[in-house]
Amino acid sequence: MATVNPPTPARQRVDLLTWWDRLKSNYWVRSLFKMIAIVWVVSTLTFFIIRALPGNPVDIFTQTCVDQGYSEEECRTRAESLFRIDFDRPLGEQYIEFMGNLLRGDMGDSYVLAVGKPVMEIVIQRLPWTLFSVGTSLLISFVLGMFLGMVAAYKRNSWIDLLLTNVGAFLHAIPAVLIAILLVLLLGVIWKVVPFTVMRGSHSSGVQAGFTLEFLVDVFKHYAVPGFVYVLATVGSWIILMRSSTVSTLGDDYVAVARARGLPDFRIITAYVGRNASLPLVTALSISLGYTVGGSTLIESVFTYQGIGMLLSQAITKRDYTVMQGILMATTIMVILSIALADLLYGWLDPRIRITGEEK
């Protein structure tokens, strides 16, 4: 009867090295390590940059208290008893404590905006409103921009192409916050068609939250103008990108072959040109979602929309360190997930580059 020899230490080392090489070559494993590294770098930079800002929660609270007529000593005592944290400790000790809490999934409690309330809970309450407003608007602008970009490409060198291209470049060049201010001025002050004093927030306080028609209509009313700003601010770039990509795709050989085979134009546009021309836009769309969430601060502040952008603005004003850190971490994770989603969508649209998990 044959005997099985136990693996030698040298064979075990070879097997371990082979397993390690396979693990390193796996796309998703490498991506996971990159994500962890990015989160660590961003959290570290965020920690030190926030604390480099002039003033801290104690100083801001003390100054506000003094402005109300109290003595500086009394205000300082009240601030220290309220926050119960020593901001004068060495940054190294604060950083080690911060990273230790972060590894346990604890982002700490709010210092100022909601004293004692967990930051994770505050962010989760506000984040869905920003995702709803930004996500809906970005999807509308993406579809509209793709359509108008294809029209401009098919009608290139015509007055339609000239009009759409110039409008797209004009909208792309205007900052979103300027569009927001102009809309407030026109719709609220000059024409007085939108009562912005009543439309403050993400929904009316007197409307019961829930999946009811009244609540949904109220939510869309509050979303309409900020959403319109997001659409105007982003549709221009999609028009320009889609026109350029479509013009490039129309010159490919497979399009000429499809026309020679007598395929109808609608079939060529949808199955050949549109799908391939949209490939460069997929990555831009996914990444834009993450960055737009972080860039919603000014727009939400203009319309007093109760999203994560306005929360970040309030946290910066009050120097609420933990809330600032939590929002920036959430934004970073959104960007990372958006990039991962872009990889998946890119592989679905173009099977030639579909990710298999292993490098060949």
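Computed from a predicted model, the values in this text were never measured in an experiment.

Draft legend 1. Highlighting the confidence of the model for the protein chain. Averaged over every residue, the pLDDT of the protein chain is 82; residues scoring 70 or more account for 86%. Of all the helices and strands in the protein chain, helix α1 (residues 9-25) carries the lowest mean pLDDT, 63, while helix α7 (residues 159-173) carries the highest, 93. Across residues 356-360 the pLDDT falls below 50, and counting only partners more than four positions away or on other chains, this stretch makes 9 contacts in the model.

Draft legend 2. Main features of the packing of aromatic side chains. The full count for this structure, using the stated rule, is 9 aromatic pairs. Summarising the aromatic geometry, the rings of Phe47 and Phe98 are spaced 5.3 Å apart at their centres and angled 25° between planes, so their arrangement reads as stacked. Separated by 51 residues along the polypeptide, Phe47 in helix α2 (residues 27-52) and Phe98 in helix α5 (residues 91-103) bring together distant segments of the chain. Taking relative accessible area as the criterion, Phe47 reaches 0% and is therefore assigned buried. By relative accessible area, Phe98 is classed as buried at 12%.

Draft legend 3. A look at the side chain of Thr234. Along the chain, the position of Thr234 falls in helix α9 (residues 213-250). Engagement of the side chain of Thr234 in a polar contact is seen with the backbone oxygen of Tyr230, the distance being 2.7 Å. With sequence-adjacent residues up to four places away left out, Thr234 is seen in contact with Leu138 and Ser141.

Draft legend 4. Representation of the state of the cysteines within the structure. The final tally for this structure, using the stated rule, is 1 disulfide. Residue pairing for Cys65: its cysteine sulfur links by disulfide to Cys75, the two sulfurs lying 2.2 Å apart. Classification of the bridge connecting Cys65 and Cys75 rests on its S-S torsion, roughly -75°, and on that basis the disulfide is left-handed. Placement of Cys65 in helix α3 (residues 57-67) and of Cys75 in helix α4 (residues 72-83) is noted, with a sequence separation of 10 residues between them.

Draft legend 5. Inspection of the nonpolar core at higher detail. Judged by nonpolar contacts, the single largest core of 25 residues is most densely connected at Phe98, Leu102, Val123, Val323 and Ile327. Of all the elements in the fold, those that place two or more residues in this core are α2, α5, α6 (119-154), α14 (308-318) and α15 (321-349). Looking at this core element by element, the count peaks at 6 residues for α15. Here Val123 is in contact with Pro128, Ile308, Gly326, Ile327 and Ala330, once residues within four sequence places are set aside.

Draft legend 6. Quick look at the pattern of salt bridges. Evaluation of the coordinates by the stated rule reveals 1 salt bridge. Measuring nitrogen to oxygen at the nearest pair gives 2.6 Å for the salt bridge that ties Arg243 to Asp161. A residue pair is termed long-range when its members are at least 10 positions apart, and Arg243 in helix α9 and Asp161 in helix α7 qualify at 82 residues. Taking the relative accessible area as the measure of exposure, Asp161 reaches 5% and is therefore buried.

Parameters and conventions
- Residues numbered from 1 in each chain as written.
- Predicted model: local features only at pLDDT ≥ 70, side-chain atom pairs only at ≥ 80, totals over all residues.
- Heavy atoms only, no water.
- pLDDT = per-residue confidence, 0-100.
- Helix = DSSP H or I, 4+ residues; strand = E, 2+ residues; numbered from the N terminus.
- Contact = heavy atoms within 4.5 Å.
- Phe/Tyr/Trp six-rings, centres within 6.5 Å; stacked < 30°, edge-to-face > 60°.
- Buried < 20%, exposed > 50% of the residue type's maximum accessible area, 1.4 Å probe, protein only.
- Polar contact = N/O pair within 3.5 Å; in protein donor to acceptor, adjacent residues only side chain to side chain.
- Disulfide = S-S within 2.5 Å.
- Core = buried A, V, L, I, M, F, W, Y, C linked by side-chain atoms within 4.5 Å.
- Salt bridge = Lys/Arg side-chain N within 4 Å of Asp/Glu carboxyl O.

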